[in-house]
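Structural characterization, general
Residues per chain are reported as follows:
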Amino acid sequence: MTTSPRSIRKKTGNFLEDFRSGQILRHKGGKTITDGLFATFSDFSMSTNPLGKNARVARAHGFDGLVCSPGLVMLVCFSQTVEDVSENARANLEYIDMRFGAPVYVGDTIEVETKVLGVRTSASKPNLGIVHVQSTARKNVGAADEAIVMTWQRKVQVYKDDVDAEVESFQIEPDEVACELWLPEYRADADYKSMAHLFRPDAYFEDLEPDTRIEHSRGRTVTDEHIHLTGILDNTSQVHCNQHMIDLDPSQYLGGELIIFGGIPFVLCLGLSGPDVGDNALGDVVYRTGRHTAPLQKGDTVFAATEILGKRDYPGRPDLGIVSTRLLGHKFVREDGAGHEDAPPGWKKVPIFELEREIAVKRRSHYA
Amino acid sequence: MTTSPRSIRKKTGNFLEDFRSGQILRHKGGKTITDGLFATFSDFSMSTNPLGKNARVARAHGFDGLVCSPGLVMLVCFSQTVEDVSENARANLEYIDMRFGAPVYVGDTIEVETKVLGVRTSASKPNLGIVHVQSTARKNVGAADEAIVMTWQRKVQVYKDDVDAEVESFQIEPDEVACELWLPEYRADADYKSMAHLFRPDAYFEDLEPDTRIEHSRGRTVTDEHIHLTGILDNTSQVHCNQHMIDLDPSQYLGGELIIFGGIPFVLCLGLSGPDVGDNALGDVVYRTGRHTAPLQKGDTVFAATEILGKRDYPGRPDLGIVSTRLLGHKFVREDGAGHEDAPPGWKKVPIFELEREIAVKRRSHYA
Amino acid sequence: MTTSPRSIRKKTGNFLEDFRSGQILRHKGGKTITDGLFATFSDFSMSTNPLGKNARVARAHGFDGLVCSPGLVMLVCFSQTVEDVSENARANLEYIDMRFGAPVYVGDTIEVETKVLGVRTSASKPNLGIVHVQSTARKNVGAADEAIVMTWQRKVQVYKDDVDAEVESFQIEPDEVACELWLPEYRADADYKSMAHLFRPDAYFEDLEPDTRIEHSRGRTVTDEHIHLTGILDNTSQVHCNQHMIDLDPSQYLGGELIIFGGIPFVLCLGLSGPDVGDNALGDVVYRTGRHTAPLQKGDTVFAATEILGKRDYPGRPDLGIVSTRLLGHKFVREDGAGHEDAPPGWKKVPIFELEREIAVKRRSHYA
């Protein structure tokens, strides 16, 4: 071209002033769960539940095939909302009432929509406010097996585009969303016992005792693989993948480094807890609340612990029980001195994640 | 073995003196597009076109399922030619008349052959010459759906094996290859509008104005993941994956580091342009010419811009139009001073890639 | 919770004192080969055999589809045994009589069990002993196509949990396991020759001469991708993925760095040998013995060579022959001086792997 063309740069994502009370955001794209995405994430997370590893076992339990772990479902559904809700966010503050519905299989296509429930401005931080949303993810829209697979609320701290924009606070009630964990029928004639050796023998409903804290024995170091992992989820937030943006203003970001997408430690903590509490779960019922308490960066090693808070019968399902837990993630950072609680000399334990989590766990009496 | 065996080392790839006028290179291997390869690359590239994300949408538009992006097709087809054409190359100089044909789906098997069109020697660089080839990629050879999926020419600078070898220049005409973009029929009775919310609302044919330059807002930092990405494409070029070879003679290579396979920034630029110009494309028609203008190395962040050069009707398809663009990739490198055009203080903008690209874009009037 | 819960940490894996003579360990989980796992590993390894690349070719040769390479089969089967056998190991000492059976395809589910053959304690290292086991991997247990896919023995050096535990040595004979390489029938009417251009022309049975050492020309640098690769195999050994554990006691580990899972250089060496010896193999018959002779760490570049030890007819298969080889892996480390054998000045060649390997190789007379 001989003359300089008109140059434009489109805005992506919404800013604080863009959210309207009750507004419905129908997220773009949608995402079909490929076998490749399944392999990458199910196994990345160190999850151990055979329902996501062994198709023979999954089918014998009444599923159509390998089942996506709750962590994978969460990653895919949540990432669909990033561009519209949190591409211009400073931090994700809280997960609320995250519930699972229909099982998700390879080949299912996920589409998500979000309702804006609230905006709260801050006198002390005029360029930021808190956005409260409720999102619902469906699979196979328009097909015979269309179903809700997940619903959740979250609160997220979002920047203004124009610092001087006038923004009014508002808050409405969340919708009632019919989303309850789908469970395969228990079949008295099924030979579950012949497959029991594939599951942990010591992580049935009977084994999980309230007022116990289980320190999960494994850890997992996260590398800059997180950029790729976040990308293949179609999560477009730039703080996870654009180092140049961070180099331009490193003091705005922790240590001048890319911040790992919160979904990564979320599913890693779920996975690390697997051998002790998740291996005999038929599904995760609800995450009542959860939050990230410190960021994660490449090179950090993620550890997890689970507090067993309580347990109760699963209505109508004598083969199952519900276990209430608190899943806690942490990492260690170097710090001089020997006096840090729960940490080896020279190290400090840093909590990174917590999640109130209820799980539907098989009873040994019925399965082993 | 008690005695020392005879030791041999086989030559891989062709050198300048091996190419013959009109020679046909039938490339080894072939490659079936697995779901794993699809997941890794479609999403790696930050592409956003729902035809490669959402199987429901792809089928509703008349495709058989998720469609491989032009970038993925290019990566697979091009990589098949590397061993025979460019394993012993210094640089890939130019892409010419790269055209797309049949759509590529997971499960399709690609096989490629190449015709040698020219060799040009250089008086000033007696150990190097330019090889000009024309390659054509077919899918599902011998099956009912056998089809050409891509054809292209390229020029590549290749080393001699024997510096003293006599090589004569030659040049013949390219073949006429019948390779035209396959497009699904527009069905007046299809309910495209019910899916319009899954596509960008502001990137239809009507929205793309000539003489506009769009700076795409996202960037993507590339890590040493590039070694793995290049490997899973069966691209065998050693400058992308053999650090020891580079350590032996670091001054021969940029900064003594592995060079990222050009296909990586190629598809990243395509992907980064997605939200603004690619999201409503039914396909890429032709890349008339393209070249890499600077190498990419791990840690670099890729950005892209698109200049809209012109637009015209798509013959016989009132629902579509053809948009001519120039896709430009760049990165930023640190450099003291504040006077560098188009770059923040302390940085210099380095163009890395350019591609003359024509796209078949949907009209809002017919789809939304 | 208001009171501090009881804290527990479960032991994972067996320690030296846990192994019993003749004990059968039925490994947990099992693993369905997803298309994603296939893509990641088949291609990661730089393998070139078209049977694992090109579904058209694999079917024409009598397979059901893309065939998992022996390296991928080994990685999946071996990793299933890690938690029970070697999660608490110091080193894997030897692979013995590793034989392949039925072919493994995407969608097959692998389950493995292991018999404890021996324990040998050491007077000089009271906290360690050698465990000798025999493992057998089956696919599709309970289905019509249930079959043994691999059987092998290994010796591994395992830690005691309680250094003062009394452990008695024992040794029993291995079981006879019927596991012989499944081969597709040779069909005189099949048009193998029309596909011969997809295979190397110079790596048929006729081409491989005993008393030859082939230095494979390619190398592959391994990055910290190894953490992810090992994780997606469900290999839970902490020395491959828990940097914090290593930071707590770096002198216990080489250079204070994560050690790369031995399966990674194992399959890389197989892959690097592909163009010269593996490309025309219908399968790997047996690995009589193998061992790792030095560890691999991120940044190392893997090279391989093959010594052709002998060749013989394949009983009942005039189209094939068996080639006995020794596969040797090595890397180079910097070391001052110029006198190191087989290495460039300033470098030293370090052997990392050796494997006595027999391959079933096609004859040119029948296939090309």
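Residues numbered from 1 in each chain as written. Chains lettered and ligands numbered in written order. Predicted model: local features only at pLDDT ≥ 70, side-chain atom pairs only at ≥ 80, totals over all residues. Heavy atoms only, no water.

What about the state of the cysteines?
As used here, a disulfide is simply a covalent bond connecting the sulfur atoms of two cysteines. If you walk through the whole model with that rule in mind, you get zero disulfides over all chains. Note on C68(B): no disulfide assigned, nearest cysteine sulfur contributed by C77(B) at a separation of 9.4 Å. Overall, C68(B) belongs to the buried group, its relative accessible area being 6%. In this structure C241(B) is not part of a disulfide, and its nearest cysteine sulfur, from C269(C), lies 14 Å away. Accessibility expressed as a relative area gives 4% for C241(B), which makes it buried. (Disulfide = S-S within 2.5 Å. Buried < 20%, exposed > 50% of the residue type's maximum accessible area, 1.4 Å probe, protein only.)

Some remarks on the side chain of T325(A)
Mapped onto the fold, T325(A) is located in strand β13 (residues 317-334). Among residues more than four places away in sequence, those in contact with T325(A) are T306(A), E307(A), I308(A), L309(A), L355(A), E356(A), R357(A) and I359(A). (Helix = DSSP H or I, 4+ residues; strand = E, 2+ residues; numbered from the N terminus. Contact = heavy atoms within 4.5 Å.)

Remarks on the packing of helix α3 (residues 70-80) of chain B against helix α7 (residues 263-272) of chain B
Residue and element names in this part refer to chain B. Contact geometry for α3 and α7: axes closest at 9 Å, N-to-C directions at 170°. Classified by the angle their axes make, α3 and α7 are roughly antiparallel. Along its contact with α3, which presents G71, L72, M74 and L75, the element α7 presents G263, I264, F266, V267 and L270. Its residues assigned to classes, the contact of α3 with α7 comprises seven nonpolar, two polar and no charged. (Axes fitted to C-alpha atoms, helices over the stretch in contact; angles between N-to-C directions. Parallel < 35°, antiparallel > 145°, perpendicular 65-115°, else oblique. Nonpolar A, V, L, I, M, F, W, Y, C, P; charged D, E, K, R; others polar.)

Let's talk about a negative patch on the surface
Residues and elements named next belong to chain A. Judged by side-chain charge, D161, D162, D164, E166 and E168 come together as a negatively charged surface patch. Along the chain, D162 turns up in the loop between β7 (147-159) and β8 (170-171). Look at D162 and you get partly exposed, because its relative accessible area is 38%. (Patch = residues over 30% accessible without salt bridge, like charges linked within 9 Å, V, L, I, M, F, W, Y side chains within 5 Å. Areas by Shrake-Rupley, 256 points an atom, 1.4 Å probe, with all protein chains shown as cover. Salt bridge = Lys/Arg side-chain N within 4 Å of Asp/Glu carboxyl O. Lys, Arg positive; Asp, Glu negative; His and termini not counted. Charge placed at Lys NZ, Arg CZ, Asp CG, Glu CD.)

Focus on the interface of chain A and chain C
Residue-level contacts link 47 residues of chain A with 38 residues of chain C. Between chain A and chain C, the buried area comes to about 3,800 Å², and carbon and sulfur atoms account for 51% of it. Put simply, chain A and chain C have seven salt bridges between them. The salt bridge partner of E87(C) is R218(A), with a shortest N-O separation of 3.0 Å. Inspection of the region where chain A meets chain C yields 23 residue pairs in polar contact (both at pLDDT 80 or more). Sorting the residues of the side of chain A that touches chain C by element identifies α1 (35-44), α2 (55-60), β9 (212-215), β10 (220-221), α5 (225-232), β12 (301-314) and β13 of chain A as the ones contributing at least two each. Per element, the largest residue contribution to the side of chain A that touches chain C is seven residues, and it comes from α1(A). Tallied by class, residues from the side of chain A that touches chain C come to 17 nonpolar, 12 polar and 18 charged. Where β9(A) and strand β1 (residues 6-8) of chain C come together, three bridges link them in parallel fashion. Bridging from a neighbouring strand, T212(A) pairs with R6(C) of β1(C). (Buried area = accessible area lost by both parts, 1.4 Å probe. Polar contact = N/O pair within 3.5 Å; in protein donor to acceptor, adjacent residues only side chain to side chain. Pairing = 2+ DSSP bridges.)

Observations concerning unusual backbone geometry
Residue and element names in this part refer to chain B. In this structure, D97 is a non-glycine residue whose phi angle is positive, near 50°. Tracing the backbone shows D97 in strand β4 (residues 89-100). The partly exposed category is assigned to D97, whose relative accessible area is 24%. Look at D211: it is not a glycine, yet its phi comes out positive at around 65°. For D211, the location among the structural elements is in the loop between β8 (170-171) and β9 (212-215). Residue classification places D211 among the partly exposed residues on the basis of a relative accessible area of 41%.

Examining the pairing of strand β6 (residues 128-139) of chain A
Residues and elements named next belong to chain A. Of all 12 residues making up β6, 10 are buried, and the element is well covered by its neighbours. Across 11 bridges, strand β5 (residues 109-121) lies against β6 in antiparallel orientation. Note on β6: the bridge partner recorded for I110 is K139. The hairpin formed by β5 and β6 contains six residues between the paired strands.

Considerations on helix α7 (residues 263-272) of chain A
Burial analysis of α7(A) places 10 of its 10 residues in the buried class, which makes it a mostly covered element. By the burial criterion, the buried members of α7(A) are G263(A), I264(A), P265(A), F266(A), V267(A), L268(A), C269(A), L270(A), G271(A) and L272(A).

A word on the nonpolar core
Core analysis: the largest hydrophobic core is formed by 82 residues, its most contacted members being F41(B), C77(B), I110(B), V149(B), M150(B) and F266(B). Filtering out sequence-adjacent residues up to four positions away, C77(B) remains in contact with I110(B), V112(B), A137(B), V149(B), M150(B) and W152(B). (Core = buried A, V, L, I, M, F, W, Y, C linked by side-chain atoms within 4.5 Å.)

What to know about the relation of the copies chain B and chain C
The pair of chain copies shares a relation made of a rotation about an axis and a shift along it. You can overlay chain B on chain C at an RMSD of 0.0 Å; the transform is a turn of 120° with a shift of 0.0 Å along its axis. Expressed as an axis order, the relation between the two copies is that of a three-fold axis. Among all residues of chain B, the minimum C-alpha distance to the rotation axis is found for G36(B), at 2.2 Å. The share of interface residues of chain B whose copies in chain C are also at the interface is only 8%, consistent with the copies meeting through different surfaces. (Least-squares fit on C-alpha atoms with pLDDT ≥ 70 in both.)

A look at the interface of chain B and chain C
At the junction of the two partners, chain B supplies 38 residues and chain C supplies 47 residues. Summed over both partners, the interface of chain B with chain C buries about 3,800 Å², with 51% contributed by carbon and sulfur atoms. There are seven salt bridges connecting chain B and chain C. Within the residue set of the side of chain B that touches chain C, elements represented by two or more residues are β1 (6-8), β3 (31-32), α1 (35-44), β5 (109-121), α5 (225-231) and α6 (243-248) of chain B. Per-element tally for the side of chain B that touches chain C: the top contributor is α6(B), with four residues.

Some words on the environment of A165(B)
Residue and element names in this part refer to chain B. With respect to the element layout, A165 can be found in the loop between β7 (147-159) and β8. Measuring from C-alpha to C-alpha, the distance between A165 and H27 comes to 25 Å, with 138 residues separating the pair along the chain. The residues contacting A165, other than those within four sequence positions of it, are E17 and K160.

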